[in-house]
Amino acid sequence: MLHFRFIFRQINGSRNQAIIFIFCVALSLLILTSLGGFSSSVRRSMLQDARQLHGADITVHSHYPFSEPLLKAIHDYEQQGIVQGALVHKFYSMARNSRTEKSILSDLKVVEKGYPFYGRVTLLSGREFSEVLKEGAIIVDQVLLDRLQAVIGDTLQIGSALLTIVDVVTLEPDRPVSFFSFGPRIFIAAEDLEKLELIKKGSRIQFSYLLQVHDSALVDRLAEELSASTVKPQENVKTFRNADSRIKRFFENFLFFLNLVGMFTLVLAGIGIQTSLYAMLRESEYTIAVMKSVGATNRFIVIHFLAMVMVLGTAGTFLGLILSSLLQLYFPTLFAGILPANVTLAISWNVVFEGLVLGTIVVGLFSFLPLQRIRNLKPSFIFRKEIGKAPRGILSYSAVLLIVLFFVGLVIWQLEDVKIGLYFMLGLCALIGMTALIAQGLMFFMKKTTPRSLILRQAFRGLFRPGNATRAIIITLSAALAVIFSIYLIEQNLRATFIEAYPPNLPNAYFLDIQSDQKKEFADILGIEAEYFPVVRARLLSINNKPVNRDQEREKKGDNMAREFNLTYRDVLLKDEQMAEGDTLFGHMNNELANKEVVPVSVLDTVAEIGDINVGDLLVFKVQGLPLKARVTSIRTRTESKVRPFFYFVFQEELLKDAPQTIFSSVRIDRAQLAVIQNRLAATLPNVSVIDIASTVEILAGIMCKMSSIIQFFTSFSIVAGLLIVISSIFATRMTRIREAVYFKILGANYSFVVKVFTYENLIIAFSSALLAGLISHVGSWIVCRQVFSIAYQPLLSSTLVMIAGMLVIVVGVGLGASVSILQQKPINYLRDERQD
Amino acid sequence: MSINGLEAVQLSKSYHVDSRQIVVLDNVSMTVQGGSFVVVEGKSGSGKSTLLSLLSGLDRPDAGTINLVGTDITDLSEDELAPFRNRTIGYVFQSFHLVPSLTAFENITFPAELNRDRQAAAKAKELLRRVDLTKRMNNFPHQLSGGEKQRIAICRALINSPQIIFADEPTGNLDSVNGEIIMQLLLELRRELKTTLVLATHSREISSKADSVVRLVDGRIENSSEKVNL
């Protein structure tokens, strides 16, 4: 039978540690449910409303005008009344305000009646989209009005057409976030498409056919039938269920990364749970020894303390859920700018249940070893206050193994990727293991060190007082800080390379879709020397006769081989290129090449790595419907990672010069002059799109910074776990610290001496943690910057110093805050208690 | 009064437990001559330890004054008392009260180092030799026996050559053999250093070795005289 009063008195007797334990459990629940809630909210809005996200039941995509057989199949279904279709064209073009003479690259969406079949395009006026978007009218983003200083009623020149702004779009169901776009949205009625005169050969237009299927049971079958009529791989049929979207991919990747951070914090919170429970049980050791001496069995004691853990775990769970709900209120601010407009943030019951189950398992696993330890406590403890070392039997090894297996399983389940899950766990173990190893080395050094300064010496000695969780604190704080600081260092280095130190000689404006016959006119408008790159669009069908698996490729987190590539032709290396493999770009002539059965191609090393392509491999491309066999003759590499045009596949000029192509140009130009040229191009060559690279990079940097701060926000929870262990450790060693402080005072030390000893002790912990975190994060960031991004690495010493200083302030502040009552103890009070004891 | 002696006048001290007031010392006055060995004798709960803690400045009296080696310590703040204690007083406790995280040697040098004494190490080694514990100098308190701990505590009490030593039941936690050794050592060293020793005990045997004895009963000095001039 359980003695509830005993349980509650034990909790009350160790209330400080109990509070820390509750906070650690709450922290793990907070992480699990808030991230789980956020993920499920985003996924729900993306998946549950997948019809809205795609605007249709079936979507057919192509970068070329749809093939006749496909169009015939669609029209047949339409005539039979099985489906209703709407053609959508998406492309970029310059829009120019005739009144203000300003122009901007815009994201055009030309839609037929019926779009969207699901969801609703919301307008500022509140009117119905279909009633507003008529021939001659356009609906635009507020950003466009701001940038062009335009108002409703103004006329914009888009291509060859003059169209009037009639309304402002506030929500687009199939574009929940807008930061992927190079320009603001303009909706145009399909009736005006011809007038634009922007659909030219080689233009980068996305053709979409949206289909609403009247009988939803037919969706999959119709999609299958339509797929049979497509030209592969350029035409792609997807249902709302299996359709992929860039936004969805982005959020999947982002949530994936946040989940990694969540797992990391959960591990550290688990260490906090274990440390605080060890401390709490240590405070009950005397009671346990007395209970054992009067005949209480281990079973009886473990059951009571297990019940105590459960009570505290439940309290922590509820606190975690409450904090998690409160945190959801902050999410819109935290995620502002990248949160899909249609997402409603709420924690579902599923997430709560999941959190409860996982939280219980985490508490159970991390409580096992401390509870196991009390079994080892002998009744003789009441005479000699010593306890045997923590048991290292099969049970404890099993507990450790269970913890590892649980986290491996959890990570794989959360990340839905066995390989990455295992890599993550290995990485995490390596990080914690390396931190533990260095921390151990540091502690060995500190133990052997005998500084001349008395205060410093006492502080060093204090680190090793029984019950001090010095090692756990250093490991937790430094691992958490290393992750946070690494993210910061990588972000700052990327920013320094691509934004702040944007090289003055690099192009800052890109011009896309220049038709071959417009090159001279374009050059005249530009008026300065520019680089010109012919662009031929193609897809890769196979590598060494092995077809490119489109579905598998699209699953990849980074770039993939299934997308459309821009091929180019030239005979020389670019300024920032050098040969990685092969003597020359196109190798030596052999029979195969001489017979023109196969053409030579030079491949950039990055894509070679993605597709596992080597020199000598056979690639088959599809260029404008025609197959092109190419033999890899060389692999190029870039000497610097800068914002400079580069091409994955380079061919010989004579082979591609007759293929349908556009010209891409890049130039370094003054921002003010760019605006003038932009206007002139909008007026005379409206099909040419202008991308202001500097401002685009700035926008991307803004998003990067935002994402980085979100990840840092969640990682900072792991710092909280570390600080909770600091407090727990201080509480756990409260009596020892009081005794030390009292002895110091009796022997003649004043208050300031004792404060200094405790401060130095915390400073040593903070400094060691920060130094360790700095070391790990610099090594890690250096590897990422040099090996992954191939950019120069700046160690950012001033930021490192700020990080160290911040850590010192936080740890010393928390440490001294928790020690106030200890410092205020008068010697006589302790001595009197000791006498009574 | 001698410059290195002690004078306490009408000391009173009481504690509150819940709403109950417990008078521990009631109007106690005494004077101790410099260089003498005084025993405060009494049964458990008679107020011996409280009297020693007041006399040594570890606690404040509710009423009365204390003059220790020429300094009125009654109203000194904790931070004023600390350096005074360090230079003037040595303590030996029943429970040894060695700092667990410091070695025997470090425990001894600690008060001297606080006093910025450059000879701290040399003095500690000499004291360790004197108490025959040189071999145990690098041991931590938990690695020492009770008798060894108390010898280290005596060394620590003496390292700053204090003018007065307060010893609260120094043999209380030791067996009779060790207790005898400790007492002999304490008295020997006191004689050598010409230090005043105020020792609380309930042992009549120890009292017999004292220059004078103050008997406490229920917080009062037993003989009717309120001021005992020793």
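About the thresholds
Residues numbered from 1 in each chain as written. Chains lettered and ligands numbered in written order. Predicted model: local features only at pLDDT ≥ 70, side-chain atom pairs only at ≥ 80, totals over all residues. Heavy atoms only, no water. Helix = DSSP H or I, 4+ residues; strand = E, 2+ residues; numbered from the N terminus. Rg over C-alpha atoms; globule rule 2.2 N^0.38 Å. Buried < 20%, exposed > 50% of the residue type's maximum accessible area, 1.4 Å probe, protein only. Contact = heavy atoms within 4.5 Å. Areas by Shrake-Rupley, 256 points an atom, 1.4 Å probe, with all protein chains shown as cover. Buried area = accessible area lost by both parts, 1.4 Å probe. Salt bridge = Lys/Arg side-chain N within 4 Å of Asp/Glu carboxyl O. Polar contact = N/O pair within 3.5 Å; in protein donor to acceptor, adjacent residues only side chain to side chain. Nonpolar A, V, L, I, M, F, W, Y, C, P; charged D, E, K, R; others polar. Core = buried A, V, L, I, M, F, W, Y, C linked by side-chain atoms within 4.5 Å. Domains from an automatic or database assignment. Phe/Tyr/Trp six-rings, centres within 6.5 Å; stacked < 30°, edge-to-face > 60°. Lys NZ or Arg CZ within 6 Å of the ring centre and 35° of its normal. Pairing = 2+ DSSP bridges. Patch = residues over 30% accessible without salt bridge, like charges linked within 9 Å, V, L, I, M, F, W, Y side chains within 5 Å. Expected span 1.5 Å × (residues − 1). pLDDT = per-residue confidence, 0-100. Axes fitted to C-alpha atoms, helices over the stretch in contact; angles between N-to-C directions. Parallel < 35°, antiparallel > 145°, perpendicular 65-115°, else oblique. Left-handed = near helix turned anticlockwise from the far one by under 90°.

Trainee: So what exactly am I meant to see when it comes to the overall build of chain B here?
Mentor: Looking only at helices and strands, chain B has seven helices and eleven strands in total. The globule rule puts the C-alpha radius of gyration for 230 residues at 17 Å, and the 17 Å found for chain B is close to it. With the principal axes as the frame, chain B shows a C-alpha extent of 50 × 40 × 35 Å. Counting over 230 residues, chain B shows a buried share of 57%. For chain B, contacts bridging at least 24 residues in sequence account for 71% of all contacts bridging at least 6. With the model as given, the accessible surface of chain B reaches about 10,000 Å², and the carbon-plus-sulfur share is 45%.

Trainee: Sorry if this is basic, but what is going on with the interface of chain B and chain A here?
Mentor: Size of an interface, as often reported, equals the accessible area lost when the parts are brought together. If you look at the interface, chain B gives 26 residues, while chain A gives 25 residues. Between chain B and chain A, a total of about 2,400 Å² is buried, with carbon and sulfur atoms accounting for 64% of that surface. At the junction of chain B with chain A, the criterion picks out two salt bridges. Here Arg461 of chain A makes a salt bridge to Glu106 of chain B, at a shortest N to O gap of 2.2 Å. Here chain B is connected to chain A by six residue pairs in polar contact (both at pLDDT 80 or more). Of all the elements in the fold, those that place two or more residues in the side of chain B that touches chain A are helix H1 (48-55), helix H2 (78-88), strand E6 (89-93) and helix H3 (104-114) of chain B. Class assignment for the residues of the side of chain B that touches chain A results in 13 nonpolar, five polar and eight charged.

Trainee: Just to check I follow, could you spell out the nonpolar core for this structure?
Mentor: Proteins that are soluble and globular tend to have nonpolar side chains buried together. By size, the foremost hydrophobic cluster in this structure holds 172 residues, and its most contacted members are Phe714 and Phe753 of chain A together with Phe166 of chain B. Examining the composition of this core, we find that 19 residues originate from one element, helix H9 (residues 246-283) of chain A, more than from any other. Looking at which domains feed residues into this core, each of domain 1 (1-54 + 248-416) and domain 3 (438-502 + 696-837) of chain A supplies at least three. Among all residues touching Phe714 of chain A, those that are not within four sequence positions of it are Ile31, Ser34, Leu35, Leu258, Val261, Thr265, Phe331, Leu334 and Phe335 of chain A. Counting 44 residues, the second largest nonpolar core, distinct from the first, contains Phe91, Leu108, Leu193 and Val237 of chain A.

Trainee: Could you clarify how one ought to interpret the pattern of salt bridges in this entry?
Mentor: Where side chains of opposite charge bring their charged atoms close, a pairing between them can arise. Residue and element names in this part refer to chain A. For the structure on display, the rule yields 26 salt bridges over all chains. When the shortest N-O distance is used, the salt bridge between Arg120 and Glu128 registers 3.3 Å. One continuous salt-bridge network, built from bridges that share partners, spans Glu135, Asp192 and Lys195.

Trainee: Please clarify how the packing of aromatic side chains should be interpreted in this entry.
Mentor: Two descriptors summarise a pair of aromatic rings, namely the distance from one centre to the other and the angle between the planes of the rings. For the structure shown, the criterion picks out 28 aromatic pairs over all chains. Aromatic side chains Tyr91 of chain B and Phe93 of chain B sit 5.7 Å apart centroid to centroid with 5° between the ring planes, which places their arrangement in the stacked category. The two residues Tyr91 of chain B and Phe93 of chain B agree in class, both being buried. In this structure an aromatic cluster arises from ring pairing among Phe565, Phe621, Phe646, Tyr648, Phe649 and Phe651 of chain A. Sitting above the plane of the Tyr532 of chain A ring, Lys519 of chain A keeps its charged end 4.9 Å from the centroid.

Trainee: Explain the pairing of strand E2 (residues 83-97) of chain A to me, please; I cannot follow it from the model alone.
Mentor: Working note: regular strand, side chains alternate between the two faces of the sheet. All names here are of chain A. In terms of burial, E2 is largely enclosed, as twelve of its 15 residues are buried. Looking at chain direction, E2 and strand E9 (residues 206-213) are connected through eight bridges and run antiparallel. Bridging across to E9, Leu87 finds its partner in Tyr209. Bridge count between E2 and strand E3 (residues 102-111): ten bridges; the pairing is antiparallel.

Trainee: What am I meant to see in the domain arrangement of chain A here?
Mentor: All names here are of chain A. With domains assigned, chain A is organised as domain 1 (1-54 + 248-416), domain 2 (56-239), domain 3 (438-502 + 696-837) and domain 4 (529-668). Distance from the C-alpha centre of domain 2 to the C-alpha centre of domain 4: 31 Å. Listed per partner, the contact involves 13 residues of domain 2 and 15 residues of domain 4. The junction of domain 2 with domain 4 conceals about 1,200 Å² of combined surface from both sides, 42% of it contributed by carbon and sulfur atoms. At the boundary of domain 2 with domain 4, the tally comes to zero salt bridges. Put simply, domain 2 and domain 4 have zero residue pairs in polar contact (both at pLDDT 80 or more) between them.

Trainee: Teacher, can you tell me more about a nonpolar patch on the surface here?
Mentor: Judged by side-chain polarity, Ile322, Leu323, Leu326 and Leu329 of chain A come together as a nonpolar surface patch covering roughly 390 Å² of accessible area. Locating Leu329 of chain A in the fold gives a position in helix H11 (residues 298-334).

Trainee: When you look at helix H5 (residues 146-158) of chain B in this model, what are you seeing that I'm missing?
Mentor: Residues lying three or four places apart along an α-helix face the same way, a consequence of the helix completing one turn every 3.6 residues. All names here are of chain B. Its 13 residues give H5 an end-to-end C-alpha distance of 19 Å, which sits within 8% of 18 Å, the value for a rise of 1.5 Å per residue. With eleven of its 13 residues buried, H5 lies for the most part within the structure. Every buried residue of H5 is listed here: Gly147, Glu148, Gln150, Arg151, Ile152, Ala153, Ile154, Cys155, Arg156, Ala157 and Leu158.

Trainee: Can you walk me through the confidence of the model for chain B in this structure?
Mentor: Low-pLDDT portions of the prediction should not be read for the details of their coordinates. Within chain B, residue pLDDT values average 86, and 95% of them lie at 70 or more. Low confidence marks residues 224-230 of chain B, where pLDDT is under 50. Its contacts with residues over four positions away, or in another chain, come to 18 contacts.

Trainee: Would you take a moment to explain the pairing of strand E18 (residues 626-638) of chain A for this structure?
Mentor: Residue and element names in this part refer to chain A. Direction of pairing for strand E15 (residues 577-581) relative to E18: antiparallel, over a ladder of four bridges. If you follow Met579 over to E18, its bridge partner there is Arg636. In terms of strand pairing, strand E16 (residues 599-604) meets E18 through six bridges, oriented parallel. Bridging from a neighbouring strand, Val603 pairs with Ile635 of E18. Here strand E17 (residues 618-623) runs beside E18; their pairing, made up of six bridges, is antiparallel. Counterpart to Val623 in the pairing with E18 is Leu626. What sits between E17 and E18 in their antiparallel hairpin is a turn of two residues, with Gln624 showing a positive phi close to 50°.

Trainee: What's the story with the sheet that holds E6 of chain B in this structure? I'm lost.
Mentor: What links the strands of a sheet is backbone hydrogen bonding, and the strands pair in either a parallel or an antiparallel sense. Residues and elements named next belong to chain B. Strand order in the open sheet formed by six strands is E6-E7-E8-E3-E9-E10, with mixed pairing between adjacent strands. In this open sheet, the two edge strands, each paired with only one partner strand, are E6 and strand E10 (220-221). Pairing of strand E9 (residues 212-217) with E10 involves two bridges; the strand directions are antiparallel. Along E10, the bridge assignment pairs Val217 with Arg220. Where helix H6 (residues 176-193) meets the sheet, its contacts fall on strand E3 (37-42), E6, strand E7 (164-168) and strand E8 (196-201), and the angle it forms with E8 comes to roughly 160°.

Trainee: Just to check I follow, could you spell out the environment of Ile525 of chain A for this structure?
Mentor: Residues and elements named next belong to chain A. For Ile525, the position within the fold is in helix H17 (residues 519-526). When its relative accessible area of 9% is taken as the criterion, Ile525 is described as buried. Residue contacts for Ile525: discarding those within four places in its chain leaves Ile677, Arg680, Leu681, Thr684 and Leu685.

Trainee: What's the story with the packing of H3 of chain B against H5 of chain B in this structure? I'm lost.
Mentor: Geometry of a packed helix pair, given as the angle between the helix axes and the separation of the axes. Residue and element names in this part refer to chain B. Running from amino to carboxyl end, H3 crosses H5 at an angle of 25°, the nearest separation of the two axes being 7 Å. Relative to H5, the element H3 lies roughly parallel. Note on packing geometry: the crossing formed by H3 with H5 is right-handed. Of the residues in H5, those in contact with Ala104, Asn107, Ile108 and Pro111 of H3 are Ile152, Cys155 and Arg156. Its residues assigned to classes, the contact of H3 with H5 shows five nonpolar, one polar and one charged.

Trainee: I'm lost on the side chain of Glu148 of chain B in this one. Help?
Mentor: All names here are of chain B. Position of Glu148 among the secondary structure elements: in helix H5. Separated by 3.2 Å, the side chains of Glu148 and Arg136 make a polar contact. One polar contact links the side chain of Glu148 to the main-chain amide nitrogen of Ser145, over a distance of 2.9 Å. Those residues in contact with Glu148 that lie beyond four places of it in its chain are Leu133 and Arg136.

Trainee: So what exactly am I meant to see when it comes to the environment of Ser46 of chain B here?
Mentor: All names here are of chain B. Residue position: Ser46 is located in the loop between E3 and H1. On the basis of relative accessibility, which here comes to 4%, the residue Ser46 falls in the buried class. The spacing of Ser46 and Arg151 is 105 residues in sequence and 27 Å in space, taken between C-alpha atoms. With sequence-adjacent residues up to four places away left out, Ser46 is seen in contact with Val24, Leu216, Val217, Asp218 and Gly219. Reaching out from Ser46, the side chain makes a polar contact with the backbone oxygen of Lys43 at a distance of 2.7 Å.

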